[in-house]
Amino acid sequence: MNSQRLIVVGLFCCLIDGEQIKRGELKCNPVSAQTCEECLVSGPQCAWCFSETFIGPGQLTAERCGDVTTLMEKGCPRDQIEDPRGSTVLLLNENVTTQSKDKKLKPHEIKQLQPQKLLVNLRMGEPQTFEVKFKRVEAYPIDLYYLMDLSFSMEDDLINIKRLGTDLMKEMEGITDDFRIGFGSFVDKTVMPYISTTKDMLENPCKRKQPCARPFSFQNVLRLTNDAQWFHDLVGEQRISGNLDSPEGGFDALMQVAVCEEQIGWRNVTRLLVFSTDAGFHFAGDGKLGGIVLPNDGKCHLENNTYTMSHYYDYPSIAHLAEKLSEKNIQTIFAVTRDVLHLYEGLKIHFPKSAVGILSNDSHNILQLIVDAYNALTSEVIMENSRLPEGFQISYTAVCKDNTTQSGTEGRRCLNISMGDEVKFHISIVAHKCPKDPEEIRVTLKALGFSEEVEILLKVICQCGCYKNRTPDSPKCNNGSGTLECGVCRCKEGYVGTSCECDAEEADTLGLMDLCRKDNSSSTCSNNGRCVCGECVCKKKTPNHFYYGKYCQCDNFRCDQYQGLICGGRGHCECGMCNCFPGFTGSACDCPLSTSGCEAKTGALCNGKGSCVCGVCVCSDSRYQGPTCEICPTCPDRCSVHRDCVWCRVFSKGLLEEECQRQCSHLNITLVQESSQFPPAHHNTGFYMCKEKDEDDCWVHFVYQDDNRANTSYLHVVEKLACPAGPDVLLITGVATGSIVLIGVALLIIWKLITTIHDKREFARFQKELVKAKWDTGENPIYKSAVTTVLNPKFKDQ
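Report follows, based on the coordinates. Given the structure is predicted, the values throughout are model-derived calculations rather than measurements.

### Notes on the sheet that holds strand 7 (residues 128–135)
Part 1 of the reasoning: A sheet is described by the order of its strands in space; here 5 strands give the open sequence 5-7-20-17-18, paired in antiparallel fashion. Lying at the two open borders of the sheet, with one neighbouring strand each, are strand 5 (113–114) and strand 18 (405–407).
Part 2 of the reasoning: Relative to strand 20 (residues 422–431), strand 7 runs antiparallel, the two sharing 8 bridges. Bridge pairing in strand 20 places Val132 opposite Phe425.

Written out as structure tokens, the structure reads:
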């Protein structure tokens, strides 16, 4: 609410200033202006009276400069006052296109920005504001280029990527009927130490029986086409390759895809670049490892669709790459695995129109990832302008859906834009000095990711119209001793004075010199000028730095500086003091009065933990830090802060009743039956999900939102605790008893088995010993009888 009030007040003040400028109510504080041009430079409210009779003898030429009201009060006719004002002229203003799938237009016939060209005449210090409309057109053509890491770790992803062309064509039918897709691949620079340059490793860098492709930096496999089958066939023919180090050369590939527009086949339509990898990236400076020191030149070096200068130029820097992608209107989708997600989330900050998605290990989710990223990118409109010349300033105010207004850094952006939605941007341009080149200055505006541009021709009013009516050798300038220009004589060489009435060599006489001394000072014109005909002609150090005043006692350059600029570039230096522009104060105009830079996401200034001083938060508690005092490393988290109050307010636990009433009365608590009834929990909306446990191991679920402006917090709490179930006594007793019985039986069985085995072993040992003792039958085995019996085989017993 406060931020909205600030925006309204700011706009109201701007409107008041604009009306006052038109009515001439704001006073002019001119310096010692000697010409009409110098007067106009003094401020947007300054005007010049070119009436020849406006000033008399003894009056200073600078009195011709002032605001219109003052000059008219002094007797200058209104039609003899030079007071040019800025203006905006529409040169090309075609309405935004209303297109549907039934009414197909060519890309160059579609208009999403209005107007297309305008001329802005600027009076220095006076802002000119104009409106630019943007409307997202339905069925806008799309070019999508898929850039894939083909190092060895991405082998299983190739199988799923083959189907991508056909699947995307079908998916995009619901968005546009003019869709083209291309494919490229990269590995790394083809020099050591990024790859192995041995013959065997060059032929087969994967170290396996099935050969891989030779290492390469970037290959444009398929230029943009609407033939999905061609995409399927060519991607199916690709082979994986390999390199040595973990980071890949994806930045080289990104640069070539961006700048090689003809080879890639980019059209002036929505350009999407999907960058798929499972590894990090090399960037500027890493090329030194391979002896490559020349900075990337940002030019196309594709021969036979292969990048040929990877061994010659270093990797591009992040800033260089972001600049090229923005220049070529390419929106980047980083499809990366979870373990390198943090690296590419960091890149997203530098790439103004990009998205990051988590890629599955085999890329099976790539289709949904691309569709989701496309919807996210196209629902966001960010305005961008080309570089302005020195001394020019531009600001934006966005009027987004539901007439919500944003200014400052967010004034360039509108979110959640659907097909057919129209948003407006109020753009204000102001010039603080005249450019060196008087020709028109060309500036372009565009919505990031879209090819259309608004062309703005800037023309600064630095010369007065009365200059055209100058009279050379005018009789009013001492009988032709000078040129009468805008009511003032421009003397020829050798003549000085208001009407060129003095000879330059004889002008410095003692009597006239006294008229140039301030307070009987010994110095004339404060030593900052020459006394000519009793009048000080002040020095000029440079065209923009000069002395002024009746005695040249003032100057416009000896004021306090901020960021290397006099008065911080936010005000005029007047006689040693800064006269700041509206919205700034301080001795060097270094203190902005706006508090927008101190507003936290909740809308509160400095999160209620500090004060806004010169647009910067000064945290009152040393524990807090950050731009809006939002960081407190030693503080307990918010969930812990609200936990005790939830226990006592909802479940009557923990704090005593009086203490609970004293500490927790500011909470606005709403009970819900289950967590699915919570408001959406997202950090950007101010809601945070909490889950806390008490001494009984019971969990309570709640979400909260702090409102520092109202000194309260809104909590949604599940009314039932999630407590662990109590123990089953019968079950535990039965299990314990059964376990004891089973253990006893098991022990008996084990004992019985051991004794049986032992008995069997003893019996076997006994049997063995028994066999060995068979000779012990009562006879001595050594004894032999002395009687020998011999049988006659022929003897027969009768």
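Moving on from the coordinates now.
### Quick notes on the sheet that holds strand 16 (residues 381–385)
Part 1 of the reasoning: Sheet architecture is open: 6 strands sit in the order 4-6-22-21-16-19, paired in mixed fashion. Looking at strand neighbours, the two that pair on one side only are strand 4 (87–92) and strand 19 (413–414), the edges of this open sheet.
Part 2 of the reasoning: Pairing between strand 16 and strand 21 (residues 441–447): 3 bridges, direction antiparallel. Paired with Glu384 across the two strands is Lys446, which belongs to strand 21.

### Focus: the pattern of salt bridges
Part 1 of the reasoning: Applying the stated criterion across every chain, the model contains 20 salt bridges.
Part 2 of the reasoning: Between Glu261 and Arg271 there is a salt bridge; the shortest N-O distance is 3.0 Å. With Glu261 in helix 9 (residues 261–264) and Arg271 in strand 11 (residues 270–277), the pair connects residues that are 10 residues apart, well separated along the chain.
Part 3 of the reasoning: Note on Glu261: relative accessible area 28%, which makes it partly exposed.
Part 4 of the reasoning: In this structure Arg271 comes out as buried when scored by relative accessible area, which is 4%.
Part 5 of the reasoning: Between Glu410 and Arg413 there is a salt bridge whose closest N-O contact spans 3.7 Å.
Part 6 of the reasoning: Arg413 gets classed as partly exposed once you look at its relative accessible area, which sits at 27%.
Part 7 of the reasoning: A single salt-bridge network, built from bridges that share partners, covers Glu261, Arg271, Lys324, Glu327 and Lys328.

### So, the state of the cysteines
Part 1 of the reasoning: Counted according to the given criterion, the structure contains 19 disulfides.
Part 2 of the reasoning: Between the sulfur of Cys648 and that of Cys660 lies a disulfide, 2.0 Å long from S to S. The sign of the 75° torsion about the S-S bond sets the Cys648-Cys660 disulfide as right-handed. Here Cys648, found in helix 14 (residues 638–651), pairs with Cys660, found in helix 15 (residues 657–664); they are 12 residues apart in sequence, far enough to count as distant. Each member of the pair, Cys648 as well as Cys660, carries the same accessibility label: buried.

### Some remarks on a nonpolar patch on the surface
Part 1 of the reasoning: Among the surface-exposed residues, Val741, Val745, Ile749, Leu753 and Ile757 lie close enough to one another that they form a single nonpolar patch of about 440 Å² accessible area.
Part 2 of the reasoning: If you trace the backbone, Val741 turns up in helix 16 (residues 729–772).
Part 3 of the reasoning: Under the relative-accessibility criterion, Val741 is labelled partly exposed at 49%.

### Section: the environment of Val259
Part 1 of the reasoning: Considering the arrangement of structural elements, one finds Val259 in helix 8 (residues 250–259).
Part 2 of the reasoning: Looking at Val259, the relative accessible area reads 14%, which means it is buried.
Part 3 of the reasoning: If we skip the residues at most four places from it in the chain, Val259 touches Gly298, Lys299, Cys300, Lys324 and Lys328.

Conventions we followed
Residues numbered from 1 in each chain as written. Predicted model: local features only at pLDDT ≥ 70, side-chain atom pairs only at ≥ 80, totals over all residues. Heavy atoms only, no water. Pairing = 2+ DSSP bridges. Helix = DSSP H or I, 4+ residues; strand = E, 2+ residues; numbered from the N terminus. Salt bridge = Lys/Arg side-chain N within 4 Å of Asp/Glu carboxyl O. Buried < 20%, exposed > 50% of the residue type's maximum accessible area, 1.4 Å probe, protein only. Disulfide = S-S within 2.5 Å. Patch = residues over 30% accessible without salt bridge, like charges linked within 9 Å, V, L, I, M, F, W, Y side chains within 5 Å. Areas by Shrake-Rupley, 256 points an atom, 1.4 Å probe, with all protein chains shown as cover. Contact = heavy atoms within 4.5 Å.

Nothing here speaks to function; it is geometry throughout.
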